[in-house]
Amino acid sequence: MIDILICITSGLGALFVLLAAVGTLRMPDQYLRISVNTKAATLGVGLLLVSAALFFLEISVFTRVVTVIIFILITAPVGAHLIGRTSYFIGNELWGDSVIDDLKGKYNKSTHELKGEDKENESENEKDSIPKT
Amino acid sequence: MNVHDFLYYIILPILSISSLLVFVRFFKGPSIVDRVVALDLLITIGIGIIAIYSVISDKPTFLDISLVLALIAFLGTVAFAYYLEKRNKND
């Protein structure tokens, strides 16, 4: 019974990792590649680690596996966001068939600050909201 | 066919093929961001290979190395993103 579970989890994990690799090779755009990497590879590696935990069935292995999975779940989106932001600043173009670019014209190219549409009003409100002592 | 054979003859070759595909993107990648992303994915696939290898060789100690590798992958991505953005800012 436990062997079948190990086979299913490891097979699904390897399949997701393979899909992530194919997506990295075939996707037309950096942002799409980052998206594929983050989601599919996280799920695939998580399933592979779960199969290892099911094989050993010890508390020490289980804690290690849970630590690695939580660490990957926390750090993968952070790293993807950072590298995608950098890619936008470096000036990499979106794919030609991309429909919408929400950040277009909203990033200050020299200071790397994101301007909102009503930034001045927000700053005024912040000044007003500060209590005068 | 027991679990050992299944992992050794099916899962490990799939992981090897996927890491080869990522290597193609790593060498081909038009910009440096592609290479950083491919490197991140390579280390992530390495974590999976270590997990399967610890099952095959029946040594759970290898799972410690996967934790260190996850840490290194995150640090590498963050450092590359930080310095690439900074280099672009100073130009």
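Everything quoted here is computed from the prediction, not taken from an experiment.

Draft legend 1. Quick look at the UniProt feature "transmembrane region" (unreviewed entry) in chain B. All names here are of chain B. UniProt records the feature "transmembrane region" (unreviewed entry) at residues 6-24, 36-56 and 62-84, using the numbering of this structure. Summarising residues 6-24: 100% helix, 0% strand, and an end-to-end C-alpha distance of 27 Å. Secondary structure over residues 62-84 splits into 100% helix and 0% strand, and the C-alpha atoms at its two ends are 33 Å apart.

Draft legend 2. A look at the packing of aromatic side chains. Residues and elements named next belong to chain B. One pass over the structure, following the stated rule, counts 8 aromatic pairs over all chains. Between Phe26 and Phe27, the ring centres sit 5.7 Å apart and the planes meet at 70 degrees, which makes this aromatic pair edge-to-face. For Phe26, a relative accessible area of 22% corresponds to the partly exposed category. A relative accessible area of 60% places Phe27 in the exposed class. Here Tyr53 and Phe62 contribute two aromatic rings whose centre-to-centre distance is 5.7 Å and whose plane-to-plane angle is 50 degrees, an arrangement assigned as tilted. What makes Phe62 partly exposed here is its relative accessible area of 26%. An aromatic cluster is defined as three or more aromatic residues linked by ring pairs; in this entry it consists of Phe23, Phe26 and Phe27.

Draft legend 3. Spotlight on a nonpolar patch on the surface. On the surface, Ile4(A), Ile8(A), Leu12(A), Leu15(A) and Leu19(A) cluster together to form a nonpolar patch covering roughly 460 Å² of accessible area. Within the fold, Leu19(A) resides in helix H1 (residues 2-26).

Draft legend 4. Geometry of the interface of chain A and chain B. Opposite the 47 residues of chain A that make contact, chain B presents 44 residues. Taken over both partners, the interface formed by chain A and chain B buries close to 4,000 Å², and the fraction arising from carbon and sulfur atoms is 78%. Looking at the side of chain A facing chain B, the largest losses of area belong to Leu25(A), Arg64(A) and Ile83(A), adding up to 14% of the total buried there. Connecting chain A to chain B are 3 salt bridges. Measuring nitrogen to oxygen at the nearest pair gives 3.1 Å for the salt bridge that ties Arg85(A) to Glu85(B). Linking chain A to chain B there are 9 residue pairs in polar contact (both at pLDDT 80 or more). Of all the elements in the fold, those that place two or more residues in the side of chain A that touches chain B are H1, helix H2 (30-56) and helix H3 (59-90) of chain A. Residue contributions to the side of chain A that touches chain B peak at 17 residues, all from H3(A). Among the residues making up the side of chain A that touches chain B, the classes are represented as 28 nonpolar, 15 polar and 4 charged.

Draft legend 5. Fine view of the side chain of Ser31(B). Secondary-structure assignment places Ser31(B) in the loop between helix H1 (3-28) and helix H2 (32-57). Separated by 2.7 Å, the side chains of Ser31(B) and Gln30(A) make a polar contact. Within the structure, the side chain of Ser31(B) is placed 3.3 Å from the backbone nitrogen of Val33(B), a separation counted as a polar contact. Non-local contacts of Ser31(B), meaning those with residues more than four positions away in its chain, are made with Gln30(A) and Asn92(A).

Cut-offs applied
- Each chain has its residues counted from 1, following the order in which its sequence is written.
- Written order decides the labels, with chains lettered from A and ligands numbered from 1.
- Under the rules for a predicted model, residues below a pLDDT of 70 receive no local features and side-chain atom pairs below 80 are neither given nor counted, while totals for whole chains, interfaces and linings still include all residues.
- Only hydrogens and water are set aside when side-chain values are computed; all heavy atoms of the structure are taken into account.
- UniProt positions are given in the numbering used here, feature names are shortened, and annotations may be inferred rather than shown by experiment.
- Secondary structure follows DSSP: runs of H or I at least 4 residues long count as helices, runs of E at least 2 residues long count as strands, and numbering of each begins at the N terminus.
- Ring geometry is summarised as follows: Phe, Tyr and Trp rings, the Trp one being its six-membered ring, pair when their centres sit within 6.5 Å, and such pairs are stacked at plane angles under 30 degrees, edge-to-face over 60 and tilted between the two.
- Relative accessibility under 20% of the residue-type maximum defines a buried residue, over 50% an exposed one, and the middle range a partly exposed one, all with a 1.4 Å probe and only protein chains included.
- Each patch is assembled from residues with relative accessible area greater than 30% and no salt bridge, linking like charges that lie within 9 Å and nonpolar side chains (Val, Leu, Ile, Met, Phe, Trp, Tyr) that lie within 5 Å.
- Each accessible area is a Shrake-Rupley result for a 1.4 Å probe, and residues are judged covered by the shown protein chains and nothing else.
- One side-chain nitrogen of Lys or Arg within 4 Å of one carboxyl oxygen of Asp or Glu is enough to make a salt bridge.
- Contact criterion: two residues are considered in contact whenever any of their non-hydrogen atoms come within 4.5 Å of each other.
- Put simply, buried area is the surface a 1.4 Å probe can reach on two separate parts but cannot reach once they are joined, added for both.
- Polar contacts, as used here, are pairs of N or O atoms within 3.5 Å; protein pairs need one atom able to donate a hydrogen and one able to accept it. Residues neighboring in sequence count only if both atoms are side-chain atoms.
- Three classes are used, and their members are as follows: Ala, Val, Leu, Ile, Met, Phe, Trp, Tyr, Cys and Pro are nonpolar, Asp, Glu, Lys and Arg are charged, and the others, Gly among them, are polar.

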